[in-house]
Protein chains: 2
Amino acid sequence: MDRIPILRMGKCLLVTIQVDMQDQTALALQDDLAGQIEKTGAKGVLIDISALEIVDSFIGRMLASISGIARVLDATTVVVGMQPAVAITLVELGLSLEGVRTALNVERGMQLLNAAFALDADDEEQAESEDAPGEAT
Amino acid sequence: MDRIPILRMGKCLLVTIQVDMQDQTALALQDDLAGQIEKTGAKGVLIDISALEIVDSFIGRMLASISGIARVLDATTVVVGMQPAVAITLVELGLSLEGVRTALNVERGMQLLNAAFALDADDEEQAESEDAPGEAT
């Protein structure tokens, strides 16, 4: 059984889907990704589907499911590189990839994630400063 | 014929090899990579082979050839993610991947490339300051 490699880049994990996904490959990818998020503490997952010429409901469900798993493990998933024809077909089929964030390419996906990380960091800082005892008045 | 997607990340191009390479796929990858280097002006190429369980002389030659093509187009190639078993077999077979730089994983490969870019930038600055007319003595 083929396994899809997961590459670590800083706080992100990058997955490039090149082969037609079978049930087993998809399940293995979900397991591997969940494991890697836990092991590396990654905050973002980028899934590149630029090699896919067809995205059917199976792949759509898989992307939504990975996105959901990552979310409960506190990581954001961005699907990148969708071909225009794929986007057209998806909408025509009524598959709108709900709950899945997308970006045009890896570079923009990474920017989107970095912006989200920066926002998180700000929130944490703010929360910390609010928790800190104020000056005596 | 399958094509292997080439992802652009800043000044680098990233290729993840997941399938067993056939002659046609390898030739297409060389063409695509050369085209992308020209189009994007990329200075680095990262080739991830973590999914490959066997690297034979054909893949070895292909890696060397891509590395050579990239070099004449002024880009550095780093092969990353080689499995330990593959490294052992390569050396036992006497294939030493001459002229190909390697790194343990994508993250370290990226660090290596960024260090090389920084060095290049320094060289250019120095060359420029040497070209600039000196102060009158």
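Note that this is a predicted model, so its numbers are computed, not measured.

A look at the sheet that holds strand 2 (residues 12-16) of chain A
Residues and elements named next belong to chain A. As summarised here, the arrangement of the 5 strands in space is 1-2-3-4-5, forming an open sheet in which the pairing is mixed. The sheet is open, and its two borders are formed by strand 1 (6-9) and strand 5 (101-103), each paired with just one other strand. Adjacent strand axes in the sheet meet at a mean angle of 30 degrees when their direction is disregarded. Alignment of strand 2 against strand 3 (residues 44-48), held across 5 bridges, turns out to be parallel. In the sheet register, Leu14 faces strand 3, and the bridge partner there is Leu46. Packed onto the sheet, helix 1 (residues 23-40) meets strand 1, strand 2 and strand 3 and runs at close to 160 degrees relative to strand 2. In the packing of helix 2 (residues 57-72) onto the sheet, contacts are made with strand 3 and strand 4 (76-80), and the angle to strand 4 comes to roughly 150 degrees.

What to know about the side chain of Asp48 of chain A
Within the secondary structure layout, Asp48 of chain A lies in strand 3. Although Asp48 of chain A lies buried, it forms no salt bridge, and the closest oppositely charged side chain, Arg108 of chain A, sits 13 Å away as judged by the N-O distance.

Points about the pattern of salt bridges
Residue and element names in this part refer to chain B. Within the structure shown, the criterion is met by 4 salt bridges over all chains. Note that Asp32 is salt-bridged to Arg3, the shortest N-O span being 2.6 Å. Highlighted residues: Asp32 in helix 1 (residues 23-40) and Arg3 in the segment before strand 1 (6-9), separated in sequence by 29 residues. According to the relative accessible area criterion, Asp32 is partly exposed, its value standing at 22%.

Definitions and limits used
- Residues numbered from 1 in each chain as written.
- Chains lettered and ligands numbered in written order.
- Predicted model: local features only at pLDDT ≥ 70, side-chain atom pairs only at ≥ 80, totals over all residues.
- Heavy atoms only, no water.
- Pairing = 2+ DSSP bridges.
- Helix = DSSP H or I, 4+ residues; strand = E, 2+ residues; numbered from the N terminus.
- Axes fitted to C-alpha atoms, helices over the stretch in contact; angles between N-to-C directions.
- Contact = heavy atoms within 4.5 Å.
- Buried < 20%, exposed > 50% of the residue type's maximum accessible area, 1.4 Å probe, protein only.
- Lys, Arg positive; Asp, Glu negative; His and termini not counted.
- Salt bridge = Lys/Arg side-chain N within 4 Å of Asp/Glu carboxyl O.

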